[in-house]
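One-letter residues, chain by chain:
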Amino acid sequence: MAVTAVSGSVARPIPRLRRMEDERWLAFALLVPTAVLLGLFIAYPFVEGVLLSLNSTRVGIKGEFVGLKNFDKVWNDSIFRTSVWNTFWYTGVTTVFKLALGLWLAILLNRHFRGKALVRAFILLPFIIPTVLSTFAWKWMFDPTFSVINWTLFQLGFITQRINWLGDPDLAMTSIIIVNVWRGVPFFAISLLAGLQTISPELQEAAAIDGARPWQRFWHVTWPLLLPVTMVVVLFSVIQTFADFQLVYVMTGGGPANATHLFATYAYQLGIGTGLLSEGAAVSLAMFPFLFLIVVVQLLYIRRVETR
Amino acid sequence: MIEGAAWRKWVFYNIPLILFVFVLLFPFYWMIITTFRPDGELYRPWNAANYQPFWTNNPTLDHILYLFEETSFGRWMLNTMFIAAVSTVISLFCGVLAGYALARLNFPFAGGLGTVIFVTYLVPQTLLFIPLAEIIRNFRLGDTPWSLILTYPTFLIPFCTWLMMGYFKAIPKELEECARIDGASRWKAMIYIILPVAVPGILSAGIFAFTLSWNEFIYALVFLSSPDQKTVPVGVTSELIRGDVFFWGPLMAGALLGSIPVAIVYSFFVEHYVSGLTGSVKG
Amino acid sequence: MALVSIRSVNKVYDGNVHAVKDVSLEVRDKEFMVFVGPSGCGKTTTLRMVAGLESITSGDILIGDTVVNNLPPMDRDIAMVFQNYALYPHMSVFHNMAFGLKMRKFEKPEIDKRVRNAAAILGIETLLDRKPRQLSGGQRQRVALGRAIVRHPQVFLFDEPLSNLDAKLRVQMRVELKKLHERLGTTAIYVTHDQVEAMTLGDRVVVMKDGIVQQVGEPLELYNTPANKFVAGFIGSPAMNFADVTLAESDGKLWAEAQGLRIGIPGEIARRANGRNGAHATLGIRPEDIHLAGPTDPTDLCFDAEVEVIEQLGSEIVLDTRVGNSAFVASVDPTLRLKVHDRLKLAMNPARLHLFDAGSEAAI
């Protein structure tokens, strides 16, 4: 700085100590609490988890370093393989249904009708009510002996035999998928509705005047403009679903015969249930590459949208 | 726009919407009706004759009384309330400050830090619960509310930060420049000018954070063990099932009562909640 | 009350964008100084450096006789009015105006007195309990002004404060600002891109372009003797006419020649342009200094023009004309009856002719 160019007669007060007037210091101070908590309970556990997975720790027994043995063991474990398949199937199927039904519901809500605010408020209930609690309601509805769904289907003449919703391995996964879709549709619908509301109705009108039929209007006008919101909502939902725990834990606990385990429930069963902490940590961490991939896709996508 | 004949409106809009609402709300109806139905009516086989599953003429409070007399349900409610409230306050405090720094201050690595926060926002609890359980034990926090109060912020802070960044970015920067010229320090400009303007955002973030912590399950399941320390979701799961016998009446009563505080908070702040929800995906 | 001096100040953003280049000027005590220039010229950046909202890359800024380079805005004893008013939306008008005093820990009665006093000056006493969103644009503007004057600061800074108002209100507020300054006599720096505001408000005006000060002077000085082609073209409306000409000496006289144009350069400028025979230059003449040629006009100041567009403004007629391959705008007597494609003989006022160097664009 050309400070020395000024003559000595000029008063040059030394500013009082105002460190927080410097943006960098203030930013640092404001970020400290967050950094401490996230460092202590995210970064540290992550490192700890990696170490644990390379160890042979059990509850009460300090393990020693075993390299990738846990991963090797887990990889040759048929329950783990089922869990991997289940997780991908569960994530894929539920996401398709949540998106399709959510979009449909969003379109139904994106009009003026009486009681719209009330309907919108009620529709979100499955999303805000604690999952464990609402899942119990479903479990009760799927009860092998007292199922109200079976009762209704029987009364309507659709079935003569009871459907063992949670007792049959294939059907159990389907039941879980139904509950997940039920819980997720409101989130999709409300988020997509917000996206729909940012699209100017004049665009629809212009397309209609240009002779586009409703389906064409949706495909050529609405859908492309809705795509950014859709992408973000889908990626969020994929991560949540992929790492899901509570729904399966309550509905089947991973059964029958370990047929409905996901990564998280199997990790819980190994790590907490059986006390094989290291193997449980390894199963948990096995989710990481996929989650990482999704996060990278999401970041790239956000960056692309922002720079466009 | 003109939608055509009335029957089209019914077929394409009203009937599907009614079906959606019915399916989305039926489980809650089922929860309510089960809560007030006596055991004698509950446990009737699905194909029994003269069975009226959708209504009861003999409503009872037995299940609710059972909850409060035979289990620590009251304690669980208080625990959950306390844990959710304190962890929400902590997360709001951290998230508002961090969001302010990331959205409105220029400093090296601001962009990188924003990305880090966003990534932690996406870290699911199920990825880290086993090592975290070890850490909680080492810190001697196991089986105390603090094990949850300190860990819930790990998913609440990134969320609050992300949401608040969006709110702060929308406030014109001249406001705090003007305040600083008016004689406020950066800190005072933030406290007196920007935070009051961002109150709707803070409220949204707070309500959302509260419902998220009320919902949390796996940390509570893993970190808490004694019945008196449990939160509602964990208490209901572990204390109302004996082996494979489910006490459906009390279970549904617990589910219903456990949902009420969230539902009340939600009903008062629907708009804030929705803007929090949509803001959380928009960023 | 204080003077502001800016000494060799530079601003470089992110190490490569040089927004303000070596600006030096003095704003005298009680002076109303206007910074004017096109967007991106560095005028706002300079103002923000005086305010302390931007750091100074090099140089010094003094308020009174204190170097304020490292003082945060709150310690500079200045007040600023922003383009978008920046009223605190959650505070009433009263509290908006009182905020600066509260931050400086004034006593409550004093705050009350000053706010009411300022409100009376600005005619907003009845609005004190309202929130900003309940005010019209003009009222918001007054509150923003009021917030500045309650403080009795050493310097007022204005960042395009009138540009969000509609045309009529802008003229009205301009007059009020002028009155206010005469009444308070506080040193003021006013940034605008509107040369009319600059001319009407400024005791002196700084014209900036590309981060460089082009000229500093009283409004009429800029109008009459612009330092370069940019200032000449920026100040005045409609803008000065420019024609690319070649200078040629013949018959002991200097001529500016272009296709369809041959103007004899009058004495004073010709002397300064001495030795430029054959050089390229730019001839400048304001529309109001062109008139319909009469019998008394010497032929070496006349030229033939074809009318292309006629804009009847009532008080004058603005003609767009074609002269060879140059275009000239002339402002003529409103009583004339003219038609498009009329061919006219126009004459220039020799005392108001300008000549600029073709390369440096500096006035000759």
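Residues numbered from 1 in each chain as written. Chains lettered and ligands numbered in written order. Predicted model: local features only at pLDDT ≥ 70, side-chain atom pairs only at ≥ 80, totals over all residues.

Novice: Would you explain the overall build of chain B in this entry?
Specialist: Along chain B, the regular secondary structure elements total 15 helices and two strands. Taken over the C-alpha trace, chain B has a radius of gyration of 24 Å; the compact-globule value for 283 residues is 19 Å, which it surpasses by more than 25%. If you line up chain B on its principal axes, its C-alpha atoms span 80 × 65 × 30 Å. Considering chain B as a whole, with its 283 residues, one finds that 52% of them fall into the buried category. At a minimum sequence separation of 6, the contacts of chain B that also span at least 24 residues come to 78%. (Helix = DSSP H or I, 4+ residues; strand = E, 2+ residues; numbered from the N terminus. Rg over C-alpha atoms; globule rule 2.2 N^0.38 Å. Buried ≥ 20, exposed ≤ 12 C-beta atoms within 10 Å, placed from the backbone. Contact = placed C-beta atoms within 7 Å.)

Novice: For this particular structure, what's the right way to read the overall build of chain A?
Specialist: Along chain A, the regular secondary structure elements total 14 helices and zero strands. Expressed as lengths along the three principal axes of its C-alpha atoms, the size of chain A is roughly 105 × 75 × 30 Å. Looking at chain A as a whole, 41% of its 308 residues qualify as buried. Relative to all contacts within chain A whose residues are 6 or more apart in sequence, the contacts with residues 24 or more apart total 68%.

Novice: When you look at the confidence of the model for chain B in this model, what are you seeing that I'm missing?
Specialist: Close inspection of predicted coordinates is inappropriate in any region flagged by low pLDDT. Residue and element names in this part refer to chain B. On average, residues of chain B carry a pLDDT of 88, and 95% of them reach 70 or more. Within chain B, helix α4 (residues 73–104) carries the highest mean pLDDT (95), whereas helix α15 (residues 270–282) carries the lowest (74). Overall fold confidence for the complex sits at a pTM of 0.87, while the interface term, ipTM, reaches 0.90. (pLDDT = per-residue confidence, 0-100.)

Novice: Explain helix α10 (residues 186–197) of chain B here, please?
Specialist: With twelve residues, α10 of chain B ought to run about 16 Å at 1.5 Å a step, and its terminal C-alpha atoms sit 15 Å apart, in line with that. Within α10 of chain B the residues assigned to the buried category are R186, A189, M190, I193 and I194 of chain B. Down the axis of α10 of chain B, the buried set is contained in an arc of 125 degrees. They therefore lie on one face. Among the structural elements, α1 (23–53) of chain A together with α4, α8 (153–169) and α9 (174–181) of chain B are those in contact with the buried residues of α10 of chain B. (Expected span 1.5 Å × (residues − 1). Arc of directions from axis to C-beta.)

Novice: Explain the sheet that holds strand β18 (residues 326–332) of chain C here, please?
Specialist: Two pairing modes exist for strands in a sheet, parallel and antiparallel, and in both the strands are linked by backbone hydrogen bonds. Residue and element names in this part refer to chain C. Strand order in this open sheet of five strands is β15-β19-β16-β17-β18, and the pairing throughout is antiparallel. At either end of the open sheet lies a strand with only one pairing partner, and these are β15 (290–292) and β18. In this sheet, neighbouring strand axes are inclined to one another by 45 degrees on average, regardless of whether the strands run parallel or antiparallel. In the sheet, β15 pairs with strand β19 (residues 343–348) via three bridges, with the strands oriented antiparallel. Counted as the bridge partner of I290 is M348 from β19. (Pairing = 2+ DSSP bridges. Axes fitted to C-alpha atoms, helices over the stretch in contact; angles between N-to-C directions.)

Novice: Would you mind showing me how to read the pairing of strand β7 (residues 155–159) of chain C here?
Specialist: Two faces belong to every sheet, and in a regular strand the side chains alternate between them. All names here are of chain C. Of all five residues in β7, five are buried, a share of seventy percent or more. A two-sided burial pattern is seen for β7, the buried positions comprising V155, L157 and D159 on one face and F156 and F158 on the other. Sheet topology note: the strand β6 (residues 78–81)/β7 ladder contains four bridges and is parallel. Looking at β7, one finds that A79 is bridged to F156.

Novice: I would appreciate a short explanation of the nonpolar core in the present structure.
Specialist: Soluble globular proteins: nonpolar side chains tend toward being buried together. Core analysis: the biggest nonpolar cluster contains 262 residues, and A189 of chain A, C160 of chain B together with M80, L157 and I189 of chain C have the highest contact counts within it. With 15 residues, α4 of chain B is the single largest residue contributor to this core. Lining this core are residues from two domains, each supplying at least three of them: domain 1 (4–234) and domain 2 (241–357) of chain C. Beyond its immediate stretch of four places on either side in the chain, L157 of chain C contacts L47, V50, A51, I78, M80 and I189 of chain C. (Core = buried A, V, L, I, M, F, W, Y, C linked by C-beta atoms within 7 Å. Domains from an automatic or database assignment.)

Novice: Would you mind going over unusual backbone geometry with me for this structure?
Specialist: Excluding glycine, residues mostly carry a negative phi; peptide bonds, for their part, are mostly trans. Residue and element names in this part refer to chain C. Of the consecutive residues S237 and P238, the connecting peptide bond is found in the cis state with omega at -5 degrees. Structurally, P238 can be placed in the loop between α8 (229–234) and β11 (241–250). Residue S8 is not a glycine yet carries a positive backbone phi of 50 degrees. By the secondary structure assignment, S8 is in strand β1 (residues 4–13). The backbone of D77 sits at a positive phi, close to 55 degrees, despite the residue not being glycine. Here D77 lies in the loop between β5 (66–67) and β6.

Novice: Whenever I open this one, the environment of P289 of chain A confuses me. Can you help?
Specialist: Structurally, the position occupied by P289 of chain A is in helix α14 (residues 288–307). For the pair formed by P289 of chain A and E64 of chain A, sequence separation is 225 residues and the distance between their alpha carbons is 25 Å.

Novice: What is the right way to look at the sheet that holds β1 of chain C in this model?
Specialist: Residue and element names in this part refer to chain C. A sheet is described by the order of its strands in space; here four strands give the open sequence β2-β1-β4-β5, paired in antiparallel fashion. In this open sheet, the two edge strands, each paired with only one partner strand, are β2 (17–27) and β5. Where strand β4 (residues 58–63) meets β5, two bridges bridge the pair, whose relative direction is antiparallel. Bridging across to β5, L62 finds its partner in V67.

Novice: Even after reading the chapter, I still don't get the packing of α1 of chain A against helix α6 (residues 125–138) of chain B, so can you show me in this structure?
Specialist: When two helices pack together, you describe them by how their axes are tilted relative to each other and by the distance separating the axes. Direction vectors running N to C along α1 of chain A and α6 of chain B enclose 100 degrees, while the axes themselves pass 8 Å from each other. Taken together, the axes of α1 of chain A and α6 of chain B lie roughly perpendicular to each other. Along the contact surface, α1 of chain A presents F41, I42, Y44, P45, F46, E48, G49 and L52 of chain A, while α6 of chain B presents L128, I130, P131, L132, E134 and I135 of chain B. Of the residues contributing to the contact of α1 of chain A with α6 of chain B, the split by class is eleven nonpolar, one polar and two charged. (Parallel < 35°, antiparallel > 145°, perpendicular 65-115°, else oblique. Nonpolar A, V, L, I, M, F, W, Y, C, P; charged D, E, K, R; others polar.)

Novice: Sorry if this is basic, but what is going on with the pairing of β19 of chain C here?
Specialist: Bridge count for strand β16 (residues 302–312) of chain C against β19 of chain C is five bridges, and the pairing is antiparallel. Across the sheet, residue D304 of chain C finds its bridge partner in β19 of chain C, namely K345 of chain C.

Novice: What am I meant to see in the interface of chain B and chain A here?
Specialist: Interface extent is often summarised as the accessible area lost during association of the parts. Taken together, the 75 residues of chain B in the interface contact 80 residues of chain A. Its residues assigned to classes, the side of chain B that touches chain A comprises 56 nonpolar, 16 polar and three charged.

Novice: Whenever I open this one, the packing of helix α3 (residues 78–109) of chain A against helix α10 (residues 214–242) of chain A confuses me. Can you help?
Specialist: All names here are of chain A. It is at 9 Å that the axes of α3 and α10 come closest, and there the two elements cross at 145 degrees. Remark: the crossing between α3 and α10 carries right-handed chirality. Contacts between α3 and α10 involve T87, Y90, T91, T94, T95, K98 and L99 on the former and, on the latter, V234, S237, V238, T241 and F242. Tallied by class, the residues present in the contact of α3 with α10 amount to five nonpolar, six polar and one charged. (Left-handed = near helix turned anticlockwise from the far one by under 90°.)

Novice: Please explain the environment of V231 of chain C as it appears in this structure.
Specialist: Residues and elements named next belong to chain C. Within the element layout of this structure, V231 appears in helix α8. Linking V231 and A362, residues 131 residues apart in sequence, is a C-alpha distance of 9.7 Å. If we skip the residues at most four places from it in the chain, V231 touches V207, Q214, Q215, L222 and P226.

Novice: I tried to follow the confidence of the model for chain A on my own but got confused; where do I start?
Specialist: Residues at a pLDDT of 70 or more form 93% of chain A, whose mean pLDDT is 87. The model gives residues 1–12 of chain A a pLDDT under 50, and that stretch makes 14 contacts with residues more than four places away or in other chains.

Novice: Got a minute to help me understand the environment of E257 of chain C in this structure?
Specialist: All names here are of chain C. Of note, E257 is situated in strand β12 (residues 253–258). For E257, a count of 16 C-beta atoms within 10 Å puts it in the partly exposed group. Between the C-alpha atoms of E257 and A243, which are 14 residues apart in sequence, the distance is 9.4 Å. Setting aside its immediate chain neighbours within four residues, E257 contacts V245, T246, A248 and R262.

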